[in-house]
Amino acid sequence: MQFTVYDITSATADGASAWRPTEGRRTHASAYQHTLHQARLADEGGLDTYFLTEHHFNAGFQVVPAPNLVVAALSQITSRIRLGVMTLNLPLYHPVRVAEEIRTLDLLSNGRLEVGLGRGLAGFEQAGFGVDRAESEDLFDKSFALVRQMLVEGGIDKYDSGPWHGEGGALIPDATQLPHPPIWMAGISEKSIRKAARLGVNVCTAFLDAEDTARTARIYREAWEEVRPDEPVGKYGTLQHIFVAETEAEARRLAEPHLSAWLSAGHDASAAINQSATVDKGYEDHKKWFDKITKLPFDAAVERNRIIFGTPEQCIEQLLHKAEAGVDMFQGWFQFGGLDFDASDRSMRLFCEEVAPAVKSALPAPSAA
(Lines give C-alpha, C1' and ligand atoms only; values in the text may rest on other atoms or scores of the structure.)
Protein backbone atom coordinates (compact mmCIF):
# COMPACT_ATOMS: atom_id res chain seq x y z
CA MET A 1 0.00 0.00 0.00
CA GLN A 2 1.20 3.48 -0.86
CA PHE A 3 0.67 6.30 1.64
CA THR A 4 -0.04 9.79 0.35
CA VAL A 5 -1.24 13.17 1.60
CA TYR A 6 -4.29 15.15 0.50
CA ASP A 7 -3.78 18.86 1.20
CA ILE A 8 -6.77 21.13 0.73
CA THR A 9 -4.88 24.17 2.14
CA SER A 10 -7.74 25.65 4.12
CA ALA A 11 -7.52 28.83 6.19
CA THR A 12 -10.49 27.90 8.39
CA ALA A 13 -9.51 28.49 12.01
CA ASP A 14 -12.54 28.20 14.26
CA GLY A 15 -13.54 24.56 14.15
CA ALA A 16 -16.35 24.92 11.63
CA SER A 17 -16.35 22.84 8.51
CA ALA A 18 -14.41 24.30 5.64
CA TRP A 19 -17.62 24.04 3.63
CA ARG A 20 -19.15 26.76 5.79
CA PRO A 21 -17.68 30.23 5.29
CA THR A 22 -17.08 31.63 8.76
CA GLU A 23 -15.38 34.53 10.42
CA GLY A 24 -12.13 33.94 12.32
CA ARG A 25 -9.66 32.60 9.80
CA ARG A 26 -5.97 32.09 9.66
CA THR A 27 -4.28 34.22 7.04
CA HIS A 28 -3.96 32.75 3.60
CA ALA A 29 -0.19 33.23 3.84
CA SER A 30 -0.05 31.08 6.98
CA ALA A 31 -2.05 28.32 5.26
CA TYR A 32 0.41 28.31 2.35
CA GLN A 33 3.39 28.23 4.71
CA HIS A 34 1.91 25.26 6.51
CA THR A 35 1.48 23.43 3.21
CA LEU A 36 5.18 23.96 2.47
CA HIS A 37 6.03 22.79 5.98
CA GLN A 38 3.88 19.64 5.82
CA ALA A 39 5.27 18.72 2.41
CA ARG A 40 8.74 18.72 3.97
CA LEU A 41 7.46 16.58 6.87
CA ALA A 42 5.93 14.10 4.45
CA ASP A 43 9.10 14.02 2.37
CA GLU A 44 11.33 13.45 5.40
CA GLY A 45 8.87 10.94 6.87
CA GLY A 46 8.95 8.62 3.88
CA LEU A 47 5.43 9.11 2.53
CA ASP A 48 4.94 8.31 -1.13
CA THR A 49 3.10 11.30 -2.65
CA TYR A 50 1.91 14.77 -1.66
CA PHE A 51 -1.29 15.77 -3.47
CA LEU A 52 -2.75 19.26 -3.56
CA THR A 53 -6.21 19.93 -4.93
CA GLU A 54 -7.93 22.67 -6.94
CA HIS A 55 -10.85 24.87 -5.89
CA HIS A 56 -11.89 28.44 -6.64
CA PHE A 57 -13.81 31.44 -5.27
CA ASN A 58 -14.52 30.23 -1.71
CA ALA A 59 -11.75 30.98 0.80
CA GLY A 60 -13.74 29.19 3.48
CA PHE A 61 -13.19 25.98 1.57
CA GLN A 62 -9.75 26.20 0.00
CA VAL A 63 -7.22 28.90 -0.87
CA VAL A 64 -5.18 27.34 -3.71
CA PRO A 65 -6.79 28.14 -7.07
CA ALA A 66 -3.53 27.50 -8.98
CA PRO A 67 -2.17 24.21 -7.58
CA ASN A 68 0.36 23.63 -10.35
CA LEU A 69 2.23 26.72 -9.15
CA VAL A 70 2.41 25.25 -5.65
CA VAL A 71 3.56 21.89 -7.02
CA ALA A 72 6.37 23.76 -8.77
CA ALA A 73 7.36 25.33 -5.43
CA LEU A 74 7.21 21.97 -3.62
CA SER A 75 9.41 20.41 -6.29
CA GLN A 76 12.23 22.72 -5.18
CA ILE A 77 11.99 22.11 -1.41
CA THR A 78 11.51 18.32 -1.44
CA SER A 79 13.83 15.66 -2.77
CA ARG A 80 12.14 12.27 -2.72
CA ILE A 81 8.36 12.43 -2.37
CA ARG A 82 6.22 12.39 -5.49
CA LEU A 83 3.97 15.40 -6.13
CA GLY A 84 0.67 16.05 -7.83
CA VAL A 85 -2.81 17.57 -7.92
CA MET A 86 -5.88 15.46 -7.15
CA THR A 87 -7.50 16.74 -9.30
CA LEU A 88 -6.90 19.34 -11.99
CA ASN A 89 -10.28 20.30 -13.45
CA LEU A 90 -9.85 19.83 -17.19
CA PRO A 91 -12.90 21.76 -18.49
CA LEU A 92 -11.46 24.97 -17.02
CA TYR A 93 -8.30 24.91 -19.15
CA HIS A 94 -7.01 24.70 -22.66
CA PRO A 95 -5.67 21.15 -23.14
CA VAL A 96 -2.46 22.33 -24.81
CA ARG A 97 -1.63 24.40 -21.72
CA VAL A 98 -2.40 21.41 -19.48
CA ALA A 99 -0.02 19.17 -21.44
CA GLU A 100 2.72 21.82 -21.38
CA GLU A 101 2.41 22.30 -17.62
CA ILE A 102 2.50 18.55 -17.00
CA ARG A 103 5.75 18.29 -18.95
CA THR A 104 7.20 21.30 -17.13
CA LEU A 105 6.28 20.08 -13.65
CA ASP A 106 7.64 16.61 -14.38
CA LEU A 107 10.94 18.15 -15.41
CA LEU A 108 11.11 20.47 -12.37
CA SER A 109 10.39 17.57 -10.01
CA ASN A 110 12.93 15.32 -11.73
CA GLY A 111 10.30 12.78 -12.71
CA ARG A 112 8.31 12.82 -9.45
CA LEU A 113 5.00 14.04 -10.88
CA GLU A 114 1.63 12.28 -10.51
CA VAL A 115 -1.25 13.65 -12.60
CA GLY A 116 -4.84 13.72 -11.29
CA LEU A 117 -7.57 14.80 -13.71
CA GLY A 118 -11.29 15.43 -13.25
CA ARG A 119 -14.24 17.43 -14.56
CA GLY A 120 -14.81 19.55 -11.45
CA LEU A 121 -17.11 19.20 -8.46
CA ALA A 122 -18.58 22.62 -7.67
CA GLY A 123 -21.08 24.39 -9.90
CA PHE A 124 -20.09 27.87 -8.71
CA GLU A 125 -16.51 27.21 -9.80
CA GLN A 126 -17.56 26.10 -13.26
CA ALA A 127 -19.85 29.13 -13.54
CA GLY A 128 -16.96 31.42 -12.64
CA PHE A 129 -15.04 30.12 -15.65
CA GLY A 130 -18.06 30.25 -17.95
CA VAL A 131 -18.29 26.45 -18.18
CA ASP A 132 -21.74 24.91 -18.66
CA ARG A 133 -22.04 22.38 -15.83
CA ALA A 134 -24.18 20.08 -17.96
CA GLU A 135 -21.37 19.89 -20.53
CA SER A 136 -18.55 19.21 -18.05
CA GLU A 137 -18.37 15.46 -18.70
CA ASP A 138 -18.20 15.90 -22.48
CA LEU A 139 -15.55 18.61 -22.06
CA PHE A 140 -13.52 16.34 -19.79
CA ASP A 141 -13.65 13.50 -22.32
CA LYS A 142 -12.53 15.69 -25.21
CA SER A 143 -9.80 17.43 -23.23
CA PHE A 144 -8.49 14.18 -21.74
CA ALA A 145 -8.11 12.65 -25.21
CA LEU A 146 -6.17 15.67 -26.46
CA VAL A 147 -3.93 15.90 -23.40
CA ARG A 148 -2.99 12.23 -23.50
CA GLN A 149 -2.40 12.33 -27.25
CA MET A 150 -0.03 15.27 -26.87
CA LEU A 151 1.84 13.65 -24.00
CA VAL A 152 2.24 10.32 -25.79
CA GLU A 153 3.03 11.72 -29.24
CA GLY A 154 5.03 14.74 -28.10
CA GLY A 155 2.70 17.25 -29.71
CA ILE A 156 -0.17 17.52 -32.14
CA ASP A 157 -0.35 18.90 -35.67
CA LYS A 158 -4.00 19.84 -35.83
CA TYR A 159 -6.95 19.45 -33.50
CA ASP A 160 -10.66 20.27 -33.55
CA SER A 161 -12.55 18.95 -30.56
CA GLY A 162 -15.26 20.71 -28.59
CA PRO A 163 -14.33 24.37 -28.05
CA TRP A 164 -10.66 23.72 -28.80
CA HIS A 165 -9.22 23.91 -32.27
CA GLY A 166 -5.87 24.92 -33.64
CA GLU A 167 -2.62 23.87 -35.22
CA GLY A 168 0.08 22.77 -32.85
CA GLY A 169 3.61 21.48 -32.99
CA ALA A 170 6.15 19.98 -30.68
CA LEU A 171 5.34 19.74 -26.98
CA ILE A 172 8.03 21.44 -24.88
CA PRO A 173 9.92 20.56 -22.70
CA ASP A 174 11.01 17.01 -23.46
CA ALA A 175 9.34 14.21 -21.52
CA THR A 176 10.89 13.11 -18.23
CA GLN A 177 8.71 10.09 -17.38
CA LEU A 178 7.86 8.03 -20.45
CA PRO A 179 5.40 8.03 -22.03
CA HIS A 180 3.98 10.37 -19.36
CA PRO A 181 3.57 10.59 -15.57
CA PRO A 182 1.07 8.22 -13.89
CA ILE A 183 -2.48 9.50 -14.39
CA TRP A 184 -5.28 9.35 -11.81
CA MET A 185 -8.96 10.10 -12.10
CA ALA A 186 -11.14 10.95 -9.13
CA GLY A 187 -14.39 8.98 -9.07
CA ILE A 188 -17.21 8.26 -6.64
CA SER A 189 -19.90 6.73 -8.84
CA GLU A 190 -19.81 3.32 -10.47
CA LYS A 191 -19.95 5.11 -13.82
CA SER A 192 -16.81 7.15 -13.06
CA ILE A 193 -14.95 4.15 -11.70
CA ARG A 194 -15.72 2.17 -14.83
CA LYS A 195 -14.64 5.13 -16.95
CA ALA A 196 -11.24 5.21 -15.22
CA ALA A 197 -10.79 1.54 -16.08
CA ARG A 198 -11.88 2.15 -19.67
CA LEU A 199 -9.40 5.04 -20.01
CA GLY A 200 -6.63 2.93 -18.48
CA VAL A 201 -5.86 5.26 -15.56
CA ASN A 202 -5.65 4.85 -11.80
CA VAL A 203 -8.75 5.78 -9.77
CA CYS A 204 -9.16 7.49 -6.39
CA THR A 205 -12.44 7.40 -4.48
CA ALA A 206 -13.26 9.41 -1.35
CA PHE A 207 -14.75 8.92 2.13
CA LEU A 208 -16.10 5.43 1.49
CA ASP A 209 -16.64 2.94 4.28
CA ALA A 210 -15.07 -0.53 4.27
CA GLU A 211 -18.04 -2.12 2.49
CA ASP A 212 -18.24 0.49 -0.28
CA THR A 213 -14.46 0.44 -0.64
CA ALA A 214 -14.45 -3.30 -1.28
CA ARG A 215 -17.39 -3.02 -3.68
CA THR A 216 -15.91 -0.20 -5.79
CA ALA A 217 -12.41 -1.73 -5.82
CA ARG A 218 -13.96 -4.90 -7.20
CA ILE A 219 -15.92 -2.91 -9.83
CA TYR A 220 -12.74 -1.14 -10.95
CA ARG A 221 -10.70 -4.31 -11.30
CA GLU A 222 -13.47 -6.25 -13.04
CA ALA A 223 -14.05 -3.37 -15.46
CA TRP A 224 -10.33 -3.17 -16.17
CA GLU A 225 -10.12 -6.90 -16.94
CA GLU A 226 -13.06 -6.57 -19.31
CA VAL A 227 -11.50 -3.85 -21.46
CA ARG A 228 -7.74 -4.29 -20.82
CA PRO A 229 -7.18 -7.99 -20.11
CA ASP A 230 -3.56 -7.92 -21.30
CA GLU A 231 -2.49 -4.86 -19.26
CA PRO A 232 -1.47 -4.65 -15.59
CA VAL A 233 -4.43 -3.41 -13.56
CA GLY A 234 -4.27 0.23 -12.45
CA LYS A 235 -4.16 1.36 -8.84
CA TYR A 236 -7.22 1.85 -6.65
CA GLY A 237 -6.92 4.68 -4.11
CA THR A 238 -9.11 6.07 -1.37
CA LEU A 239 -9.19 9.44 0.41
CA GLN A 240 -10.07 9.62 4.11
CA HIS A 241 -9.69 12.10 6.96
CA ILE A 242 -7.03 10.90 9.39
CA PHE A 243 -5.87 11.88 12.85
CA VAL A 244 -3.32 9.97 14.92
CA ALA A 245 -2.59 10.73 18.60
CA GLU A 246 -0.80 9.07 21.49
CA THR A 247 -4.15 8.39 23.19
CA GLU A 248 -7.74 8.20 22.03
CA ALA A 249 -8.67 10.87 24.58
CA GLU A 250 -6.16 13.25 23.01
CA ALA A 251 -7.46 12.47 19.52
CA ARG A 252 -11.01 13.21 20.62
CA ARG A 253 -10.02 16.46 22.32
CA LEU A 254 -7.99 17.82 19.43
CA ALA A 255 -9.68 16.50 16.29
CA GLU A 256 -13.19 15.23 16.93
CA PRO A 257 -14.83 18.72 16.97
CA HIS A 258 -13.45 19.51 13.51
CA LEU A 259 -14.36 16.13 12.03
CA SER A 260 -17.86 16.26 13.52
CA ALA A 261 -18.32 19.75 12.05
CA TRP A 262 -17.33 18.44 8.62
CA LEU A 263 -19.80 15.57 8.90
CA SER A 264 -22.60 17.92 9.94
CA ALA A 265 -22.12 20.15 6.90
CA GLY A 266 -23.26 17.69 4.26
CA HIS A 267 -26.38 19.63 3.26
CA ASP A 268 -24.42 22.90 3.09
CA ALA A 269 -21.77 21.26 0.95
CA SER A 270 -24.26 19.70 -1.45
CA ALA A 271 -26.16 22.98 -1.87
CA ALA A 272 -22.95 24.95 -2.44
CA ILE A 273 -21.61 22.48 -4.97
CA ASN A 274 -24.88 22.39 -6.89
CA GLN A 275 -25.51 26.15 -6.52
CA SER A 276 -28.94 25.29 -5.09
CA ALA A 277 -30.79 22.75 -2.98
CA THR A 278 -31.67 20.84 -6.15
CA VAL A 279 -29.44 18.34 -7.93
CA ASP A 280 -27.73 19.35 -11.15
CA LYS A 281 -28.05 17.07 -14.16
CA GLY A 282 -25.08 14.79 -14.44
CA TYR A 283 -24.23 15.14 -10.74
CA GLU A 284 -26.99 13.01 -9.25
CA ASP A 285 -24.47 10.55 -7.79
CA HIS A 286 -22.68 13.37 -5.99
CA LYS A 287 -25.83 14.21 -4.02
CA LYS A 288 -26.26 10.59 -2.98
CA TRP A 289 -22.57 10.44 -2.04
CA PHE A 290 -22.70 13.53 0.20
CA ASP A 291 -25.86 12.35 1.88
CA LYS A 292 -24.35 8.97 2.63
CA ILE A 293 -21.00 10.14 3.97
CA THR A 294 -22.38 12.93 6.15
CA LYS A 295 -25.44 11.36 7.78
CA LEU A 296 -23.48 9.15 10.18
CA PRO A 297 -22.53 10.34 13.67
CA PHE A 298 -18.80 10.70 14.27
CA ASP A 299 -18.30 7.40 16.14
CA ALA A 300 -20.18 5.47 13.46
CA ALA A 301 -18.04 7.09 10.75
CA VAL A 302 -14.89 5.87 12.51
CA GLU A 303 -16.34 2.42 13.14
CA ARG A 304 -17.18 2.04 9.46
CA ASN A 305 -13.73 3.22 8.30
CA ARG A 306 -14.96 6.47 6.77
CA ILE A 307 -12.49 8.24 9.07
CA ILE A 308 -9.13 6.87 10.22
CA PHE A 309 -8.83 7.97 13.81
CA GLY A 310 -7.26 7.21 17.17
CA THR A 311 -4.02 5.80 18.53
CA PRO A 312 -1.33 4.39 16.23
CA GLU A 313 -2.56 0.89 17.03
CA GLN A 314 -6.18 1.79 16.20
CA CYS A 315 -5.17 3.47 12.93
CA ILE A 316 -3.01 0.48 11.94
CA GLU A 317 -5.98 -1.84 12.39
CA GLN A 318 -8.28 0.48 10.42
CA LEU A 319 -5.83 0.76 7.54
CA LEU A 320 -5.33 -3.00 7.39
CA HIS A 321 -9.09 -3.24 6.86
CA LYS A 322 -8.67 -0.83 3.94
CA ALA A 323 -5.92 -3.01 2.50
CA GLU A 324 -8.13 -6.08 2.83
CA ALA A 325 -10.84 -4.20 0.94
CA GLY A 326 -8.49 -3.73 -2.02
CA VAL A 327 -6.85 -0.33 -1.48
CA ASP A 328 -3.49 0.21 -3.23
CA MET A 329 -3.09 3.87 -2.28
CA PHE A 330 -4.29 5.51 0.93
CA GLN A 331 -4.65 9.29 0.68
CA GLY A 332 -4.77 10.92 4.11
CA TRP A 333 -6.40 14.30 4.76
CA PHE A 334 -4.26 15.38 7.71
CA GLN A 335 -5.07 19.12 7.93
CA PHE A 336 -8.83 19.67 8.03
CA GLY A 337 -11.21 22.38 9.25
CA GLY A 338 -9.83 24.39 12.14
CA LEU A 339 -7.44 21.69 13.37
CA ASP A 340 -4.41 23.22 15.06
CA PHE A 341 -1.35 23.20 12.79
CA ASP A 342 0.89 21.74 15.50
CA ALA A 343 -1.63 18.97 16.21
CA SER A 344 -1.78 18.14 12.51
CA ASP A 345 2.03 18.01 12.37
CA ARG A 346 2.20 15.64 15.35
CA SER A 347 -0.44 13.43 13.74
CA MET A 348 1.57 13.23 10.52
CA ARG A 349 4.80 12.44 12.38
CA LEU A 350 3.12 9.63 14.32
CA PHE A 351 1.69 8.31 11.08
CA CYS A 352 5.11 8.34 9.40
CA GLU A 353 6.98 6.86 12.37
CA GLU A 354 4.53 4.27 13.68
CA VAL A 355 1.49 3.70 11.48
CA ALA A 356 2.74 3.48 7.89
CA PRO A 357 5.74 1.22 8.65
CA ALA A 358 3.60 -1.16 10.71
CA VAL A 359 0.94 -1.45 8.00
CA LYS A 360 3.53 -2.05 5.30
CA SER A 361 5.31 -4.72 7.34
CA ALA A 362 2.01 -6.51 7.99
CA LEU A 363 1.12 -6.71 4.29
CA PRO A 364 2.53 -9.18 1.78
CA ALA A 365 5.44 -7.86 -0.26
CA PRO A 366 4.35 -6.70 -3.73
CA SER A 367 5.03 -9.28 -6.40
CA ALA A 368 7.73 -8.51 -8.95
CA ALA A 369 5.86 -7.81 -12.15
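Residues numbered from 1 in each chain as written. Predicted model: local features only at pLDDT ≥ 70, side-chain atom pairs only at ≥ 80, totals over all residues. Heavy atoms only, no water.

Engineer: Lay out helix H3 (residues 95-108) in plain terms, naming residues and giving numbers.
Structural biologist: Between its terminal C-alpha atoms H3 stretches 20 Å, which fits the 20 Å expected from 14 residues at 1.5 Å a residue. Within the span of H3, buried status applies to Pro95, Val98, Ala99, Ile102, Arg103, Leu105 and Asp106. With its buried residues spanning 165° around the axis, H3 presents them on a single face. Trailing H3 by a residue or two, Asn110 shows a phi angle of about 60°, which is positive. (Helix = DSSP H or I, 4+ residues; strand = E, 2+ residues; numbered from the N terminus. Expected span 1.5 Å × (residues − 1). Buried < 20%, exposed > 50% of the residue type's maximum accessible area, 1.4 Å probe, protein only. Arc of directions from axis to C-beta.)

Engineer: So, the packing of aromatic side chains: which residues are in play, and what are the values?
Structural biologist: Per the counting criterion, the structure on display carries 12 aromatic pairs. Relative to Phe351, the ring of Phe3 lies with its centre 5.4 Å away and its plane at 80°, an arrangement referred to as edge-to-face. Remark: Phe351 occurs in helix H14 (residues 341-362) and Phe3 occurs in strand E1 (residues 2-7); sequence separation between them is 348 residues. Residue classification places Phe351 among the buried residues on the basis of a relative accessible area of 1%. Between Phe298 and Phe309, the aromatic rings sit 5.0 Å apart at their centres with planes inclined by 90°, giving edge-to-face as the arrangement. Of this pair, Phe298 sits in helix H12 (residues 298-303) while Phe309 is found in strand E10 (residues 307-310), placing the two residues 11 residues apart along the sequence. Of the two residues, Phe298 and Phe309, neither departs from the other in class, the shared state being buried. Among the aromatic side chains, those forming a connected cluster through ring pairs are Phe3, Phe330, Phe334 and Phe351. Across the ring face of Trp224, the terminal group of Arg228 is positioned such that the distance to the ring centre comes to 5.8 Å. (Phe/Tyr/Trp six-rings, centres within 6.5 Å; stacked < 30°, edge-to-face > 60°. Lys NZ or Arg CZ within 6 Å of the ring centre and 35° of its normal.)

Engineer: Please give an account of the pattern of salt bridges that cites residues and values.
Structural biologist: Here the structure, examined in full by the defined rule, presents 16 salt bridges. Its salt-bridge partner being Lys360, residue Asp48 comes within 3.5 Å of it at the nearest N-O pair. Taken together, the residues Asp48 in the loop between helix H1 (28-44) and strand E2 (49-52) and Lys360 in helix H14 connect sequence positions 312 residues apart. Glu248 serves as the salt-bridge partner of Arg252, at 3.2 Å between the closest nitrogen and oxygen. With Arg252 and Glu248 both in helix H8 (residues 248-254) and 4 residues apart, this pair spans about one turn of that helix. Owing to a relative accessible area of 29%, Arg252 belongs among the partly exposed residues under this scheme. Through salt bridges with shared partners, a single ionic network connects Glu137, Asp141, Lys191 and Lys195. (Salt bridge = Lys/Arg side-chain N within 4 Å of Asp/Glu carboxyl O.)

Engineer: For the nonpolar core, give the residues involved together with the corresponding values.
Structural biologist: Core analysis: the biggest nonpolar cluster contains 69 residues, and Tyr50 and Phe351 have the highest contact counts within it. Residue contacts for Phe351: discarding those within four places in its chain leaves Phe3, Leu47, Ile242, Val244, Leu319, Phe330, Phe334, Ala356 and Pro357. Counting 23 residues, the second-largest nonpolar core is a separate cluster that includes Phe207, Trp262, Leu263 and Phe336. (Core = buried A, V, L, I, M, F, W, Y, C linked by side-chain atoms within 4.5 Å. Contact = heavy atoms within 4.5 Å.)

Engineer: Can you tell me about the packing of H1 against H14, naming the residues and giving the values?
Structural biologist: H14 packs onto H1 with a crossing angle of 15° between their chain directions and a minimal axis gap of 11 Å. By the angle class used here, H1 and H14 are roughly parallel. Judged by the sense of rotation from one axis to the other, the crossing of H1 with H14 is right-handed. Each of Ser30, Ala31, His34, His37, Gln38, Leu41 and Ala42 in H1 lies in contact with H14, whose residues at this interface are Phe341, Ser344, Asp345, Met348 and Arg349. Looking at the contact of H1 with H14 residue by residue, the class counts come to 5 nonpolar, 5 polar and 2 charged. (Axes fitted to C-alpha atoms, helices over the stretch in contact; angles between N-to-C directions. Parallel < 35°, antiparallel > 145°, perpendicular 65-115°, else oblique. Left-handed = near helix turned anticlockwise from the far one by under 90°. Nonpolar A, V, L, I, M, F, W, Y, C, P; charged D, E, K, R; others polar.)

Engineer: I'd like to hear about empty space enclosed by the protein, residue by residue, with values.
Structural biologist: Summed over the entire model, instances satisfying the criterion amount to 4 cavities of 30 Å³ or more. By volume, the largest cavity amounts to about 80 Å³. Elements with a minimum of two residues in the lining of the largest cavity: strand E3 (82-89), H3 and strand E4 (113-118). By residue number, the principal contributor to the lining of the largest cavity is E4, which donates 5 residues. (1 Å grid on protein atoms, 1.4 Å probe; cavity = no way out; pocket = protein on both sides within 12 Å on 5 of 7 lines; lining within 4 Å. Points joined across faces, edges and corners; volume = space filled by probe spheres on them.)

Engineer: With reference to specific residues and values, describe H1.
Structural biologist: With 17 residues, H1 extends 25 Å from end C-alpha to end C-alpha; this agrees with the ideal 24 Å at 1.5 Å per step. Regarding H1, the residues found buried are Ala31, His34, Thr35, Leu36, Gln38, Ala39, Leu41, Ala42 and Asp43. For H1, the elements touching its buried residues are E1, E2, helix H2 (67-77) and H14. The first or second residue beyond H1 is Gly46, which carries a positive phi of 90°.

Engineer: So what's going on with unusual backbone geometry? Which residues, and what values?
Structural biologist: Looking along the chain, the bond that leaves Ile172 and enters Pro173 is cis, with omega of 0°. The residue Pro173 is located in the loop between strand E6 (164-167) and strand E7 (183-186) in this model. Here the residue pair Leu178 and Pro179 is connected by a cis peptide bond, since its omega of -5° sits within 30 degrees of zero. For Pro179, the location among the structural elements is in the loop between E6 and E7. Although it is not a glycine, Phe57 adopts a positive phi angle of roughly 75°. With respect to the helices and strands, Phe57 occurs in the loop between E2 and H2. The backbone of Asn305 shows a phi angle near 70°, a positive value even though the residue is not glycine. Within the fold, Asn305 resides in the loop between H12 and E10. Judged by relative accessible area, which is 4%, Asn305 ranks as buried.

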